[in-house]
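Listed below are the residues making up each chain.
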Amino acid sequence: MQERVKELLARVVYPGTSKSLAALGMVQALRAEGREVSFRLVFTRSGDPFASSLKGKCEALLREHGYAARAEVVFAGDLERPLSLERVRHVVAISSGKGGVGKSTVTSNLAVALVGEGFRVGIVDADIFGPSIPAMFGAEGVRPCVVEEGVEPVERHGVKLLSIGFFAEPGAATVWRGPMASNALRQMIEEGRWGELDFLLVDLPPGTSDIHLTLVQAVALSGAVVVSTPQRVALADAERGINMFESPGIDVPVLGIVENMSWFTPAELPDHRYYLFGREGASRLASSRGLPLLGQIPIVQGVMEGGESGRPAALDGGPVAGAFREASRRLVSVLASLPGPGRRVRVK
Ligand code: ADP
C-alpha cells in the first residue's frame, strides 16, 4: 500500500524543476493504513510560495485514487524544536540551585494556575533525584500509554504530564544517571504526544548538570524560571543556576525568580508573618540581576498537604491560589515582552 502511495506522490514535481517531491526528499513520515494516508511535506525555504498548492496537489492526487490523504507542511528552517513540540508555544524550564526548595511544588501549582487562566499546559518531570510530579498530581504508579506514534501524556487537573517517575520503579531514581537520564528526558520531550499547548514546563533536577545541557540542545527554550527560598545558601546556588542559563553558548533567558517559603503565617495570627528563612532574599537577588520577581509563596500547610494528596493547593482558592495566579500572570507577561518572534519565542 505504501509503495503505491509513493508511486503516486512521485508524480508530483516541484515547479521549475524536473524533480519530484519524493526525489527531493520532501516527503517524510509517510504512513499508510488502509486507505488513510498521512505524511509531512518538508520545505527547506521558510514560507515557500508553493507550499500550499503542492500540499493541495498531493492530497487531490491521492484522493483521486481513493485515498483519504492528509499532508502536513513543515518548513525545515523552523525545525529548531522536535516535531513533537511543533504546536507548543513556550517551553519553560523550572530550576533551582538546591533540592527541597519547592521547585516541583511551584511547577505543579504554576501549571494549574495557568490552566485556571485558560492556557493549555503540560509538565515534563525530569527531576531524576526525586520525580515528585506523579505524587503531586495523584498519578503515582500510572503507566502512560505507549502508542505507535509515541507516548500519551497522563492528564490530571487539566495538565498533561510525563515524568521520569512513570518509567522507573519507585525508589529506583538513582539509576537515572548521566546519559540514561538525558535520553529519558529527550524521549519524554520528543516522543510525548503533546499536541497543542501554550506552555510546557520542564521540572529539572536541582543544580546544574548534563540534563540541563540536554534540554538546551533538544529544545529551543523560551526561558527558565529559578525557584529559591530566601535563605542565603539557597540564593547562592540559585545565582549559580542563573549564571549557567545566561552563559554564552547556553544563552537561555531567565524569565524571573519565584521565592518560595517566603514567610509563615499561623492560622491563629493571620496578620503575622514570620520570616523563617530570612526576608526578601530572592527579591534582592532578582533586583541585583535585573530579573523580575515573579512571586512570593508563603509556607502554608495546605501547600504541603496538597502535594501529598495529589491536588495542588492552587486549585482550591485562597491566598496561596492568589499568589500562584499572580506569579503565572507575571510569567505570561514576561514571555509576551520578550523580543520575538525569534528562535526562542515562536509566536504562532
Ligand atoms: P524540590 O522540588 O525543590 O525538591 P518540593 O517541591 O518537592 O521541592 O518540596 C519539598 C517539600 O516542601 C515538599 O514536602 C513540599 O510539600 C514542601 N513545600 C514546598 N513548598 C511549600 C510551601 N510553600 N508551603 C509548605 N510546604 C511546602
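It should be emphasised that the depicted structure is a prediction, and the values quoted were computed from it without experimental measurement. (Residues numbered from 1 in each chain as written. Predicted model: local features only at pLDDT ≥ 70, side-chain atom pairs only at ≥ 80, totals over all residues. Heavy atoms only, no water.)

Engineer: Could you give an account of the pairing of strand β1 (residues 27-33), naming the residues involved and the relevant values?
Structural biologist: As paired strands, β1 and strand β2 (residues 36-43) are joined by five bridges and run antiparallel to one another. Bridging from a neighbouring strand, Glu-33 pairs with Glu-36 of β2. Between the end of β1 and the start of β2, which pair antiparallel, lie two residues, with Gly-34 showing a positive phi angle near 60 degrees. (Pairing = 2+ DSSP bridges. Helix = DSSP H or I, 4+ residues; strand = E, 2+ residues; numbered from the N terminus.)

Engineer: Please give an account of the site of the ligand that cites residues and values.
Structural biologist: Around the ligand, a shell composed of 16 residues is seen, among which Gly-100, Lys-103, Ser-104, Thr-105 and Pro-298 lie nearest. Backbone polar atom of Gly-102 to an oxygen atom of the ligand: 2.9 Å apart, as the coordinates give it. One of the side-chain nitrogen or oxygen atoms of Asn-260 is found 2.9 Å away from a nitrogen atom of the ligand. Compared with its free state, where it exposes 560 Å², the ligand has 80% of that area covered by protein. Secondary-structure elements contributing two or more residues to the shell around the ligand are α3 (103-116), β12 (254-264), β13 (293-299) and α9 (301-309). (Near = heavy atom within 4 Å. Polar contact = N/O pair within 3.5 Å; in protein donor to acceptor, adjacent residues only side chain to side chain. Areas by Shrake-Rupley, 256 points an atom, 1.4 Å probe, with all protein chains shown as cover.)

Engineer: Can you break down the packing of α3 against helix α10 (residues 318-337) residue by residue, with the values?
Structural biologist: Relative orientation and spacing of two packed helices are given, respectively, by the angle between their axes and the distance between those axes. Where α3 contacts α10, the two axes come as close as 9 Å, and the packing angle between them is 80 degrees. In terms of orientation, α3 and α10 fall into the roughly perpendicular class. On α10, the residues that touch Val-106, Asn-109, Leu-110, Ala-113 and Leu-114 of α3 are Phe-324, Arg-325, Ala-327, Ser-328 and Val-332. Its residues placed into classes, the contact of α3 with α10 shows seven nonpolar, two polar and one charged. (Axes fitted to C-alpha atoms, helices over the stretch in contact; angles between N-to-C directions. Parallel < 35°, antiparallel > 145°, perpendicular 65-115°, else oblique. Contact = heavy atoms within 4.5 Å. Nonpolar A, V, L, I, M, F, W, Y, C, P; charged D, E, K, R; others polar.)

Engineer: Please provide a residue-by-residue account of the sheet that holds strand β5 (residues 121-125), values included.
Structural biologist: With respect to topology, eight strands assemble into an open sheet ordered β8-β9-β5-β10-β4-β11-β12-β13, the strand pairing being mixed. Here the strands that pair on one side only, and so sit at the sheet edges, are β8 (154-156) and β13. Pairwise comparison of adjacent strand axes, ignoring direction, gives a mean angle of 25 degrees for this sheet. Relative to strand β9 (residues 159-163), β5 is paired through five bridges, and the arrangement is parallel. Paired with Asp-125 across the strands is Ser-163, a residue of β9.

Engineer: Go over helix α1 (residues 2-9) with me, naming the residues and quoting the values.
Structural biologist: Inspection of α1 places Val-5, Leu-8 and Leu-9 among the buried residues, and these make up the whole buried set. Along the axis of α1, the buried residues cluster in a sector spanning 95 degrees; they form a single face. Residues of α1 that are buried sit in contact with β1, β2 and α2 (51-64). (Buried < 20%, exposed > 50% of the residue type's maximum accessible area, 1.4 Å probe, protein only. Arc of directions from axis to C-beta.)

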